[in-house]
Amino acid sequence: MQNADPAELEKFGELAHRWWDPNSEFKPLHDINPLRLDWIERSVGSLKGKRVLDVGCGGGLLSEGMAARGAEVTGIDLSDKPLGVARLHLLESGQEVTYRKISAEELAAEMPDSFDLVTCMEMLEHVPNPSSTITACARLAKPGAPVFFSTLNRNPKAYLLAVIGAEYILKMLPKGTHDYAKFIKPSELARWAKLGQLDPVELIGMSYNPLSRSYSLGKDVSVNYLMRAVRQAY
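Given the structure is predicted, the values throughout are model-derived calculations rather than measurements. (Residues numbered from 1 in each chain as written. Predicted model: local features only at pLDDT ≥ 70, side-chain atom pairs only at ≥ 80, totals over all residues. Heavy atoms only, no water.)

Caption draft 1: Representation of the nonpolar core in the model. Within the largest apolar cluster, 33 residues are counted, with the highest numbers of intra-cluster contacts made by Ile40, Leu47 and Met66. Those elements giving two or more residues to this core turn out to be helix 2 (27–44), helix 3 (61–68), helix 4 (80–93), strand 3 (97–101), strand 4 (117–121) and strand 6 (198–209). Among the elements that line this core, the one with the most residues is helix 2, at 6 residues. Residues within four places of Met66 in sequence aside, it is in contact with Leu37, Ile40, Leu47, Val52, Asp54, Ala71, Val73 and Thr119. Listed in part, the 32 residues of the second largest apolar core include Ile76, Leu107, Ile184 and Trp192. (Core = buried A, V, L, I, M, F, W, Y, C linked by side-chain atoms within 4.5 Å. Buried < 20%, exposed > 50% of the residue type's maximum accessible area, 1.4 Å probe, protein only. Helix = DSSP H or I, 4+ residues; strand = E, 2+ residues; numbered from the N terminus. Contact = heavy atoms within 4.5 Å.)

Caption draft 2: Representation of the sheet that holds strand 4 in the model. The 8 strands are arranged 3-2-1-4-5-8-6-7 in an open sheet whose pairing can be described as mixed. Strands at the two margins of the open sheet, each flanked by one partner only, are strand 3 and strand 7 (214–218). On average, each strand axis in the sheet is tilted by 20° relative to the strand beside it, whichever way the strands run. Note: strand 6 against strand 7, 5 bridges, orientation antiparallel. Paired with Gly205 across the strands is Gly218, a residue of strand 7. Relative to strand 3, helix 3 is tilted by about 155°, and along the sheet it contacts strand 1 (51–55), strand 2 (72–77), strand 3 and strand 4. Contacts from helix 4 reach strand 2 and strand 3, with the element oriented near 165° to strand 3. (Pairing = 2+ DSSP bridges. Axes fitted to C-alpha atoms, helices over the stretch in contact; angles between N-to-C directions.)

Caption draft 3: Geometry of the pairing of strand 8 (residues 224–231). By the criterion of burial, strand 8 is predominantly enclosed, with 6 of the 8 residues buried. Pairing between strand 5 (residues 146–152) and strand 8: 7 bridges, direction antiparallel. Of the residues in strand 8, the one forming a bridge with Phe148 is Arg228. Judged from the 8 bridges that link them, strand 6 and strand 8 form a sheet pairing that is antiparallel. Paired with Asp199 across the bridge in strand 8 is Val230.

As structure tokens, this is what we get:
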């Protein structure tokens, strides 16, 4: 059985045609994409020439961003419509990305130890078994390679800001985008990473300022956060 929620796949599939509209429901992804890219590139020195896997690539925002910085990118997802949008956008952007409809678990069985770095951003809170995805990401990375995650913390503040604030008050996201019960505490993510033979080495937060309408990276991991882990060597 695939580690995917059909309702989640359908939800993002219905919005797929708006993925590359920076003023659409995906505006937050457009806004945070440069921050994610800069953080990833700082962590590895340079993306140029790196063989990269983007797990849960959706419409391809992060995948294309990494390709534009010189990486050889493969993006995988289980939703047909976002993948279709991602492939079509390559015709407009001129970037080169290989997109596949396949789960991380299936690809890990097919191509273990294959990638210089793996990203899995804003996805773990949408799958039934995040630990399985994390372990697959670890298997896909070469020994010693970094794996990057981002997700939402689970606490009252995160519920207030990420669900009530973002979906109902500021209307930055469609109602029902997130299920608070699926949010993941950093301690849980770290534990699952270690079970998957990953060593967590960096934890940073991402905050939104509603007055300036801008995002920034910092020490506050109480709502959105990112983790860098390293695949353990044999």
